[in-house]
Structure formats: C-alpha cells, structure tokens
Amino acid sequence: FCRWISCHNAGILRSDRNMVERLFADGIIKVLVCTATLAWGVNLPAHSVIIKGTQVYNAKKGSFVELGVLDVMQIFGRAGRPQFDTSGEGIIITTHDKLNHYLHLMHNALPIESQFLPALTDHLNAEVVLGTVSNTAEAVAWLTYTYCYVRMLRNPMHYGVPYHELQADPRLHNRCRELIESSVKELAKAKMLRFNFETTNMNTTDTGIVASHFYVKYASLELYNELVHPAMTEADCFEVVARSSEFENVQARDDENQELVKLLTSCCPIKIKTQSIEGEGIVIDQIAKVNILLQSYISKADVDGFALVADMNHVVQSAGRIFRALFELCVKKGFVTLANKLLTLNKVVTQRVWPHQHALRQFGHVVPADWCYRLEQKNLHVDRLWEMDHKEISALIRQNNSGLMIQKFA
C-alpha cells in the first residue's frame, strides 16, 4: 500500500478483497494487479486497463488457450467508464504472431456460433426426462427452437451442411431429424431411454433419470453399464470415476510426472494402477492422474504448479456428483453393498476425510490435527467420546480444556 499498488485474486480473504476494492474505488490505490475474474464480475472502473498475456489455462480442455474476444471486450470495458471518466485506455500485451489476430477481432464484428451440437444428446435426454419430448416429431420441433438451428440456417457450412442439402431442404428439417435420430441411438445404446422404432415414441429409464439429475454425460453412462458390478472394491470405484468422460480433457504432461509420483506415494491410500517403464520409472497416464488428484484433494495435500491446481479443481467439481450418480444407479439395480460403499466415498470426497481417519478431522479449521491424531491412536470414535467426561478427554489429549471443544463438535 505504501506505493499505492495492491493485488486482488480469489486466494486472499474476502475481507481483504473488499478492502482492496474499496480503496481502489476511492482512488487511494492507483495500480491494481488482478486476475481476469475481477474485470468480469466486479464493477471497478479504471482509466487504463492492461492485459498482460493472452493465454489462459482451460481445465476442461487441459491446455492453455487464447483469450476470447468477448473476454477482451469485457475487460477493456472497465476503462474510461462514461460516468467516471472522460477517456480510457486499453492495452493488450501478446506475442507477435497473435497481434494481427487480436487487431482483427477488435476491429471486425464476428458472429457468435452455437456450441450446442456436441451436447445435443445429453440435452435431449434431459428433455425426455422432463416429459417435454416424447417422440421424434416433438424432438425435431424442440430443436428448431434453439439458437443452434437459427445459426444453421444463417451459416450452414459451419455446421457441416453442404450447399446442395440446403437447396433441397431450405428449412433443414431432414438434417434436424438425422441429428435427433443419431442422439436417440446413442441414448438407447447407453440404456438411458427406450425407443419404439415403429411409433417413434421415447420413454426414459432409471439410468436416464440419474444422468439428467446429476448432469452425467451419456458416454460416462455407457462406461458405467460396462464396468460397474456388485463385487467392486474401493480402488475399482475410484478407477471408474477417473475413467468418466467428464475428465477426458485432463492431460498427463511429462513435466508433472515427478510431482504426481510424489503425491502417489505420500497421499494416496487407495491403490492406483500405473505403468512402469524400464529406465523411466513410474509413468502417470491420464486416468491415473485424475485418480491421484482426487485422492490428494481428499488427503488435503499441497499441490505445486498452477496447471495441476486447476486440474484438481476441475476433477473435484465433478467427482462428488459422479459418486452420487453411481450410488443412485446401484440403488436402482439392487447392488446394496456397493451402494453403501459409494455413498461412503461420496461423503469422503465432500468432507475430505478418509474412512480410517477420525470424523473430527472435517473440522480441521477448529480442531487441531494433532488432537485428531491422538484420538486415532487411542481408537476413540465419536460414539465413545459421547460417553466420556470432558476432563477424561482433556487428559487423553494432554491439552487443558480440549475436552470441552471436542465434546462440542462430537
């Protein structure tokens, strides 16, 4: 603050972020170094905005991508707000080979194309579960109400529609029917709906309902139908989750292999299948990487490297609901023992506490880790703590007044 410079990102405390925003808005802080999130979501006008570097890491794609023109325009929109300033400056710093690209984007209006077709199958399943679509004709009519259909009519070549097809069918009804029929076949293959080829009626199944409720992709459901069986172990459950199509864009990089091996040996209590190559040691593939990051998150391990942290966040966002979806599937199929195991693993991911650890570890921000360690050494589970006096607990922990706090959270 002494030089009127500060920083702002999601890693600092909310109270500190609010203070920085207030001081910058009042003009006390002159230069604010921040992530793009501030420019997107917080209304803080400035005279000059500088974008230093145009490559951002996309966890879904598993690689660095160029900043989009909409993001650039949104960030530059903070400079020179009419009600706050009479002029503004926007500066973008990028590599020389991308200079013409951003100049072209800034000076030419580009249409926004639809990204709906790759997710058409999952959205169709959701509509069938809701009951808004019950046959092929209704599904085609539903598709014509989407923005994707509008762009297909305006820019057919972008969506793979040849010119002669557009001439023969100006409204593209045949193309829409082909898209719907292809999606229906995929859903039927994944056992997510029942399709009557004579009447073209669609009826949802328990699998389709679970996929819709927990936003699980149909490709993952195909995998679960093949791999899930009543005799699965905890290691099998983690491997099935790691194989889900939600994580197909997570990439295994050579420069991360050493750190992943370290996490594998220190933070992963459940066995993970890896490859050993003579002369290179353990090589981590994509499935093993997802598994390691998930177990490391549960173990509260410290992960170095921006890309690994982003990949871990991406994995954790989906892992909990995938475990819950698998639990629901097993309940529907009558796999009682496996369902109980999956429900436990779902709670493990949510609370970040392994089954062999003490339940009070989920209150790690209040209950010190060494207290939990001593409780684990004495084999004092929560039900036993209920029966004990707080003085007994304090004596076992060897910390005055610790018994009162432990009884409060137990």
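On a predicted model such as this, the values are computed, not experimentally measured, just so you know.

## Considerations on the environment of Gln115
Examined against the element boundaries, Gln115 turns out to sit in the loop between helix 4 (99–107) and helix 5 (120–130). Here Gln115 falls in the exposed class, since its relative accessible area comes to 64%. Taking the C-alpha atoms as reference points, Gln115 and Thr233, 118 residues apart in sequence, are found 38 Å from one another.

## Re the nonpolar core
By size, the foremost hydrophobic cluster in this structure holds 79 residues, and its most contacted members are Leu124, Ile180, Tyr224, Phe323 and Leu326. When residues of this core are assigned to their parent elements, the largest contribution, 12 residues, is made by helix 15 (residues 306–333). Not counting chain neighbours up to four residues away, the residues in contact with Ile180 comprise Leu124, Thr136, Ala139, Val140, Trp142, Leu143 and Met202. Judged by nonpolar contacts, the second largest core, of 16 residues, contains Leu67, Val72, Ile75 and Ala79.

## A closer look at unusual backbone geometry
We note that Lys191 has phi near 60°; this positive angle belongs to a residue other than glycine. The topology assignment puts Lys191 in the loop between helix 9 (173–189) and strand 7 (193–195). Phi at Tyr215 takes a positive value of approximately 55°, unusual for a residue other than glycine. Residue classification places Tyr215 among the exposed positions, given a relative accessible area of 64%.

## Considering the pairing of strand 3 (residues 48–52)
Every second residue of strand 3 is oriented toward a common face, the buried set being Val49 and Ile51 and the non-buried set Ser48, Ile50 and Lys52. Where strand 3 lies against strand 6 (residues 89–93), 5 bridges are found, and the strand directions are parallel. The partner of Ile51 across the bridge, within strand 6, is Ile92.

## Regarding the packing of aromatic side chains
All told, the structure shown has 4 aromatic pairs when counted by the stated rule. Look at Phe116 and Trp142: their rings are 5.9 Å apart centre to centre, the planes differ by 65°, and that puts the pair in the edge-to-face class. Here Trp142 lies in helix 6 (residues 136–143) and Phe116 lies in the loop between helix 4 and helix 5, a separation of 26 residues in the sequence. An identical accessibility class is assigned to Phe116 and Trp142; each is buried. Cluster of aromatic residues (ring-pair linked, three or more members): Phe238, Phe323 and Trp354. It is Arg352 that lies over the ring of Tyr297; its NZ or CZ is 4.0 Å from the centre.

## Remarks on the packing of helix 19 (residues 390–397) against helix 20 (residues 402–409)
Axis separation between helix 19 and helix 20 bottoms out at 7 Å; the angle between their running directions is 115°. The angle between the axes of helix 19 and helix 20 places the two elements in the roughly perpendicular class. When the axes of helix 19 and helix 20 are compared, the crossing they make is right-handed. For the pair helix 19 and helix 20, the contacting residues are His390, Ile393, Ser394 and Ile397 in the first and Ser402, Gly403, Leu404, Ile406 and Gln407 in the second. Its residues assigned to classes, the contact of helix 19 with helix 20 comprises 4 nonpolar, 5 polar and no charged.

## So, the pattern of salt bridges
A full pass over the atoms with the stated rule returns 11 salt bridges. Its salt-bridge partner being Glu178, residue Arg175 comes within 3.8 Å of it at the nearest N-O pair. Separated by 3 residues within a single helix, Arg175 and Glu178 lie in helix 9, roughly one turn from each other. Among the residues examined, Arg175 registers a relative accessible area of 15% and is labelled buried.

## Looking at the side chain of Arg253
Note that Arg253 resides in the loop between helix 12 (234–242) and helix 13 (257–267). A distance of 2.8 Å separates the side chain of Arg253 from the side chain of Glu256, its partner in a polar contact. Here the side chain of Arg253 touches Asp311 through a polar contact of 3.3 Å, side chain to side chain.

## Side note on the environment of Ile287
Relative to the helices and strands, Ile287 is located in helix 14 (residues 286–298). We classify Ile287 as partly exposed; its relative accessible area is 21%. For Ile287 and Lys273, which are 14 residues apart along the polypeptide, the C-alpha to C-alpha distance reads 8.9 Å.

## Digging into helix 3 (residues 69–76)
Of the residues making up helix 3, those classed as buried are Val72, Ile75 and Phe76. Mapping the buried residues of helix 3 onto a view down its axis gives an arc of 95°, with all of them on the same face.

## Some details on helix 10 (residues 206–213)
What helix 10 keeps buried is the set Thr207, Gly208, Val210, Ala211 and Ser212. A positive phi of about 55° marks Tyr215, the residue just after helix 10.

## Here's the deal with a nonpolar patch on the surface
Side chains of Leu70, Ile112, Tyr147 and Val150 sit close together on the surface and give an oily, nonpolar patch of about 390 Å² of accessible area. On the basis of relative accessibility, which here comes to 57%, the residue Leu70 falls in the exposed class.

Conventions we followed
- Residues numbered from 1 in each chain as written.
- Predicted model: local features only at pLDDT ≥ 70, side-chain atom pairs only at ≥ 80, totals over all residues.
- Heavy atoms only, no water.
- Helix = DSSP H or I, 4+ residues; strand = E, 2+ residues; numbered from the N terminus.
- Buried < 20%, exposed > 50% of the residue type's maximum accessible area, 1.4 Å probe, protein only.
- Core = buried A, V, L, I, M, F, W, Y, C linked by side-chain atoms within 4.5 Å.
- Contact = heavy atoms within 4.5 Å.
- Pairing = 2+ DSSP bridges.
- Phe/Tyr/Trp six-rings, centres within 6.5 Å; stacked < 30°, edge-to-face > 60°.
- Lys NZ or Arg CZ within 6 Å of the ring centre and 35° of its normal.
- Axes fitted to C-alpha atoms, helices over the stretch in contact; angles between N-to-C directions.
- Parallel < 35°, antiparallel > 145°, perpendicular 65-115°, else oblique.
- Left-handed = near helix turned anticlockwise from the far one by under 90°.
- Nonpolar A, V, L, I, M, F, W, Y, C, P; charged D, E, K, R; others polar.
- Salt bridge = Lys/Arg side-chain N within 4 Å of Asp/Glu carboxyl O.
- Polar contact = N/O pair within 3.5 Å; in protein donor to acceptor, adjacent residues only side chain to side chain.
- Arc of directions from axis to C-beta.
- Patch = residues over 30% accessible without salt bridge, like charges linked within 9 Å, V, L, I, M, F, W, Y side chains within 5 Å.
- Areas by Shrake-Rupley, 256 points an atom, 1.4 Å probe, with all protein chains shown as cover.

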